[in-house]
Amino acid sequence: MMPTTPRLRALTFDLDDTLWDNQGVMSRTEAGHYAWLDDQLAAWLAQHPGEHRRFSDVISIERYQAHRQQLARQNPLRRGDFTWIRERALVELLEAFGLSRTSAWLWAALTMPRFHAWRLQVSPYPEVEPLLQSLTRQYRLAAITNGNLAFHRLDLSRHFEVIIAAGEMPAPKPDARPFLATLGRLGAKPAETLHVGDSWKEDVLPAIRLGMHAAWIAPHAEPDPTLPEGVHQLSHVRELPALLAKLGR
Ligand SMILES: [Mg+2]
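The model shown is predicted, which means the values in this text are computed figures rather than measured ones.

Quick look at the domain arrangement of the chain now. Considered domain by domain, the chain is made up of domain 1 (10–22 + 123–248) and domain 2 (23–119). Between the C-alpha centres of domain 1 and domain 2 there is a distance of 32 Å. Residue-level contacts link eleven residues of domain 1 with twelve residues of domain 2. Here the side of domain 1 that touches domain 2 is composed, by residue class, of five nonpolar, four polar and two charged.

Pasting the structure below:
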């Protein structure tokens, strides 16, 4: 008998809060690169004559965060490009602190690699490496993230044929374009593809609108018997093999 739905051939994955818990990473990244800038800038200024205030005494981390939000509002097309927003915010705030434009650009450029180094300090759930390893035997894998971590620098990224940084396209999820670009590059039809992600709005909805299947990672949600067709609720990515086995029957 012919199956009623095409067999799944490809899996696309969200990263943050799907393959690892991102909460601690973001707070450590935020505090870590800001403290690095504050310390290094203070040491540099100390070599110059005169009294110098510390960057963190003039520009609080809250002001830095508020300035990024303001830049995102003022630049709607770049709103998902968090690297651009962050570097621009640093330049403007370093100028507001009193540096020349050239020095502000220099210090912002020196700080961004520190940001990216912290941002990469993710700890994938222990099940993830063997899970991806075994999935590659049967499926083509892609990653679609709105986050700005340099994922290709993680060993884990070797399992993915396609990695799309949607925020830098710039078309952050729930925009359909990163999904369409991924399907195109995998050569997979939507009905043959399952997207795995934790966000209802940014992962599940755009995937099912395109006719993909979706695995919704919802650790804190009650099981919902009224989910749309094609949506499967999981409490952890480790439950994915059981779902795939069920769908493959
Ligand atoms: Mg996510």
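There's more to say after this.
Interhelical geometry of helix 4 (residues 82–97) versus helix 5 (residues 101–119) gives an angle of 140 degrees and a closest axis separation of 8 Å. Accordingly, the angle class assigned to the pair helix 4 and helix 5 is oblique. Crossing handedness for the pair helix 4 and helix 5: right-handed. Contact residues: Arg86, Glu87, Leu90, Val91, Leu94 and Glu95 in helix 4; Arg101, Ala104, Trp105, Trp107, Ala108, Thr111, Met112 and Phe115 in helix 5. In terms of residue class, the contact of helix 4 with helix 5 is made up of nine nonpolar, one polar and four charged.

Criteria and thresholds
- Residues numbered from 1 in each chain as written.
- Predicted model: local features only at pLDDT ≥ 70, side-chain atom pairs only at ≥ 80, totals over all residues.
- Domains from an automatic or database assignment.
- Contact = placed C-beta atoms within 7 Å.
- Nonpolar A, V, L, I, M, F, W, Y, C, P; charged D, E, K, R; others polar.
- Axes fitted to C-alpha atoms, helices over the stretch in contact; angles between N-to-C directions.
- Helix = DSSP H or I, 4+ residues; strand = E, 2+ residues; numbered from the N terminus.
- Parallel < 35°, antiparallel > 145°, perpendicular 65-115°, else oblique.
- Left-handed = near helix turned anticlockwise from the far one by under 90°.

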